[in-house]
Amino acid sequence: MLRQRNTQSVRIKTTSYRTGKFLVRLLLGCVTRIRLVRRENANLTGGFLLAANHISHFDPFVISSVIRRKIDWMTMAEFFRSPAVGFLLRAVDTFPADRDRANRKTIRTAIERLKEGRIVGLFPEGGIRDGARSLLEGAPLRPGASTLAHIAGVPILPCVIVGSDRLYSTKRWLPTSGRRTPVWIAFGDPISHFPGLEKSEARTRIEFELAAAFKSLYAELQQTFHLTSDDLPHPPQERMQRCRASGRRGDLVVPKIGNRSGCPTVRRDTFHRIAASGMDAVLCASINFIHMRHRLNGHSRAEMERYVEECEQLTADQYYASSHDDNLAEALGNGHSTITWRSPIETKFPANNIACADFFPSERGRSAPTVFILHALMSTSPVGYRRCAQHFNQLGWNACFVRLPYHYSRVPRGYWNGELAITCDLIRNAEGLRQGVTEVRQLMSALRERGSGEFGLLATSYGGWIGALIALVERDLRFVALMAPIVNIEHAIWESPAARCIRRELRRANIEPALVARHFHLSSPIHNLPLSDPARVLFVAGEFDSIAPLEQLETIQQKWCGSELLRVRQGHFGYRMLGATIARLKARGL
């Protein structure tokens, strides 16, 4: 009977935690844009201690929202004095801690939960700290974390959070703020409890490594995201005073939109954000619905391990090597508007094995430079791209619209257009990307034989992903224009709202992020550098994009040093981006 009650209590608290986490993520998703470094480090199994710096009361909510597992936070005892607040805190397994003295009950509770394989979260600073009082600036570390880790025999995971203190500003929570508040979080490597050392030596070693980890992660965040002095921690009172002062002045916050001039009103900007978010949400729901019909089998993990092990031995140039096709070169010489040839990558779907491209020649003939147009995932019509081709023809460029794997004429019977290009079958996804890259490289090789030696890429979303991979292995590109490209595969799989069903299937098959990450050197543009000149690369980002978020494109633009980033006021799906991109390419002289 007692065991039944305990089980029921655990279920209730777990449900309460998940419900609260869902509501918090929903709220934070509207007002914050969280950027993570090494999120995979937080996916440890078993019990461990999560130790984070503390700059605001929002920290536990923000950190919990990005970690998949449940966290039992040690919370100041003062918060439990209110019966209502105390009830809510206990409902999610938070337990009180006295920050001024060691409490045996608190220590016993923490150790029991750690030994049960749970995560216990704490702030070793003992309260909100900034400046010289913060661990980030070298303040001394309290001994509680090292003691708990050593007694419980579990590792400590260091975590640094920056930016959450700006949420004390009321403006940050209002729709009129224009943009979500960025918050940066970095997870370090787990720190051992050093079982082989004496108690005092182990605790000293843990404290030393934890303090060093905090300072190292803080420096990494500043360097990676180029944080300004305003981004760094400030006292809550200062943040609130700034908000009140700006409110008295009647300041109007106007977000910066790409390279455009003029100042659109906040109201109009809010309308575009809501419209774009709504469109993205509807289409993401549609994509997830289609993904529901795809399932993995019991051999999926073993197949994935074999595939990744084979790919680890290859470089990008080897993986995307394209064989010469005499028939393709001959077909180009015949001057047909549509050409087909045998794909160098064989799949189990015969329709997908026939590559296809539509040519739109300019008046200069085949010797003119050629732009390859790579469409988006599940693109429903090539009409817009054909109009785009006409613009390039007027500029003296030939245009080639490439039908990417599993799209248009390459769709197997019984499937939707593009349905098989991205599913929970990551091997098929990778081979589809490989097909797309190698087929474009074949076209480039054949065109070189026909006297065309200059090329450009105009690519959207899924096509932008393929375009970025082409830039990793091809040098002869006059320009590479990537509109809302998928550049961070880690985000695309484990965080994107369009991949919820994919994530569920991967977890069911025990395919974890670490296994997938072993293929990033071949498939994730953000984890690589281009062979093409970065100065010729133009990234185009939607300000309100939730699938290829602005911060991901900002990160790769900084990594591909010399590339350009153009911001457009739309979500992932929209028509503003194409016109803005062509206008920018014209201004750059192509």
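Engineer: What should I look at first to understand the overall build of the protein in this one?
Structural biologist: A tally of helices and strands in the protein yields 20 helices and 15 strands. Its C-alpha atoms give the protein a radius of gyration of 27 Å, near enough to 25 Å, the size a compact globule of 590 residues would have. Seen along its three principal axes, the alpha-carbon backbone of the protein occupies a region of about 85 × 60 × 45 Å. Of all 590 residues assigned to the protein, the portion counted as buried reaches 54%. At a minimum sequence separation of 6, the contacts of the protein that also span at least 24 residues come to 76%. Summed over all atoms, the accessible surface of the protein reaches about 27,200 Å², with 54% contributed by carbon and sulfur. If the 80 positive side-chain charges of the protein are averaged to one point and the 55 negative ones to another, these points end up 7 Å apart.

Engineer: Just to check I follow, could you spell out the confidence of the model for the protein for this structure?
Structural biologist: Predicted coordinates in areas of low pLDDT are best not read in detail. Within the protein, residue pLDDT values average 87, and 92% of them lie at 70 or more. Within the protein, helix α7 (residues 236-249) has the poorest average pLDDT of any element, 58, and helix α14 (residues 462-473) the best, 98. Below a pLDDT of 50 lies the segment residues 246-266, which in the model reaches 28 contacts outside its immediate sequence neighbourhood of four places, other chains included.

Engineer: Help me out: how do you make sense of the sheet that holds strand β4 (residues 95-97) in this one?
Structural biologist: Pairing between sheet strands relies on hydrogen bonds along the backbone, with the strands arranged either parallel or antiparallel. With respect to topology, seven strands assemble into an open sheet ordered β1-β7-β6-β2-β5-β3-β4, the strand pairing being mixed. At either end of the open sheet lies a strand with only one pairing partner, and these are β1 (32-37) and β4. Sheet twist, expressed as the average angle between the axes of neighbouring strands with direction ignored, equals 25°. Both β1 and strand β7 (residues 181-187) contribute to a ladder of six bridges, which runs parallel. Residue pairing across strands places I34 opposite V183, the latter belonging to β7. Strands β1, β2 (48-52), β3 (71-76), β6 (156-162) and β7 of the sheet are contacted by helix α2 (residues 59-66), whose axis makes an angle of about 70° with β7.

Engineer: In this structure, what is going on with the sheet that holds strand β8 (residues 338-342)? I would like to understand it.
Structural biologist: In spatial order, the strands read β8-β9-β11-β10-β12-β13-β14-β15; together these eight strands make up an open sheet with mixed pairing. The open sheet has two edge strands with one neighbour each: β8 and β15 (564-568). Strand-to-strand twist across the sheet, computed as the mean angle between neighbouring axes with direction ignored, equals 20°. In the sheet, strand β12 (residues 455-460) pairs with strand β13 (residues 479-483) via five bridges, with the strands oriented parallel. Looking at the pairing, T460 lines up with M483 of β13. Across the sheet, α14 touches β10 (370-374), β12 and β13, and the angle it forms with β12 is around 145°.

Engineer: Please clarify how α2 should be interpreted in this entry.
Structural biologist: Two residues of an α-helix separated by three or four positions point the same way, owing to the 3.6 residues in each turn. Counting buried positions along α2 yields seven of eight residues, so the element is predominantly enclosed. The complete set of buried residues in α2 reads D59, P60, V62, I63, S64, S65 and V66.

Engineer: For this particular structure, what's the right way to read helix α16 (residues 500-508)?
Structural biologist: Within α16, the full set of buried residues consists of C501, I502, R503, E505 and L506. Remark: N510 follows α16 within two positions and exhibits a positive phi of approximately 60°.

Engineer: Looking at this structure, how should I read the side chain of H572?
Structural biologist: Summarising the element assignment, H572 is placed in the loop between β15 and α20 (576-587). Relative accessible area serves as the criterion here: at 8%, H572 is assigned to the buried category. There is a polar contact of 2.8 Å between the side chain of H572 and the side chain of S461. Beyond its immediate sequence surroundings of up to four residues, H572 is in contact with D280, S461, A484, I486, D545, I547 and A548.

Engineer: Looking at this model, I keep getting lost on unusual backbone geometry. Mind explaining?
Structural biologist: Most peptide bonds take the trans form, and the phi angle of most residues other than glycine is negative. You will see that Y408, though not glycine, has its phi angle at about 55°, which is positive. Relative to the elements of secondary structure, Y408 occurs in the loop between β11 (398-403) and α13 (426-449). The backbone of A484 shows a phi angle near 45°, a positive value even though the residue is not glycine. As for its position among the elements, A484 is in the loop between β13 and α15 (489-494).

Engineer: Is there a simple way to think about the pairing of β6 in this case?
Structural biologist: For a regular strand, side-chain orientation follows a simple rule: the groups alternate between the two sheet faces. Burial of β6 is extensive: seven of the seven residues sit out of reach of the surface. Relative to β6, β2 is paired through four bridges, and the arrangement is parallel. In the strand pairing of β6, L50 is matched with L157. In this structure, β6 lies alongside β7, joined through four bridges in antiparallel fashion. Within β7, the position partnered with C159 by the bridge is F187.

Engineer: Looking at this model, I keep getting lost on the packing of helix α4 (residues 104-115) against helix α5 (residues 144-152). Mind explaining?
Structural biologist: What describes two packed helices is the angle between their axes and the distance between those same axes. Closest axis-to-axis distance for the α4/α5 pair is 9 Å, and the angle between their directions is 50°. Classified by the interaxial angle, the pair formed by α4 and α5 is oblique. Taken as a pair, α4 and α5 cross one another with a handedness that is right-handed. Contacts between α4 and α5 involve I107, A110, I111, L114 and K115 from the former and L148, I151 and A152 from the latter.

Engineer: I tried to follow the packing of α13 against α14 on my own but got confused; where do I start?
Structural biologist: Contact geometry for α13 and α14: axes closest at 9 Å, N-to-C directions at 60°. Here α13 lies oblique to α14, going by the angle between them. Where α13 crosses over α14, the two elements pack in a sense that is right-handed. Taking contact as the criterion, the partners of G432, L433, G436, V437, V440 and R441 in α13 are, on α14, Y462, W465, I466, L469, I470 and V473. Here the residues of the contact of α13 with α14 sort into nine nonpolar, two polar and one charged.

Conventions adopted
Residues numbered from 1 in each chain as written. Predicted model: local features only at pLDDT ≥ 70, side-chain atom pairs only at ≥ 80, totals over all residues. Heavy atoms only, no water. Helix = DSSP H or I, 4+ residues; strand = E, 2+ residues; numbered from the N terminus. Rg over C-alpha atoms; globule rule 2.2 N^0.38 Å. Buried < 20%, exposed > 50% of the residue type's maximum accessible area, 1.4 Å probe, protein only. Contact = heavy atoms within 4.5 Å. Areas by Shrake-Rupley, 256 points an atom, 1.4 Å probe, with all protein chains shown as cover. Lys, Arg positive; Asp, Glu negative; His and termini not counted. Charge placed at Lys NZ, Arg CZ, Asp CG, Glu CD. pLDDT = per-residue confidence, 0-100. Pairing = 2+ DSSP bridges. Axes fitted to C-alpha atoms, helices over the stretch in contact; angles between N-to-C directions. Polar contact = N/O pair within 3.5 Å; in protein donor to acceptor, adjacent residues only side chain to side chain. Parallel < 35°, antiparallel > 145°, perpendicular 65-115°, else oblique. Left-handed = near helix turned anticlockwise from the far one by under 90°. Nonpolar A, V, L, I, M, F, W, Y, C, P; charged D, E, K, R; others polar.

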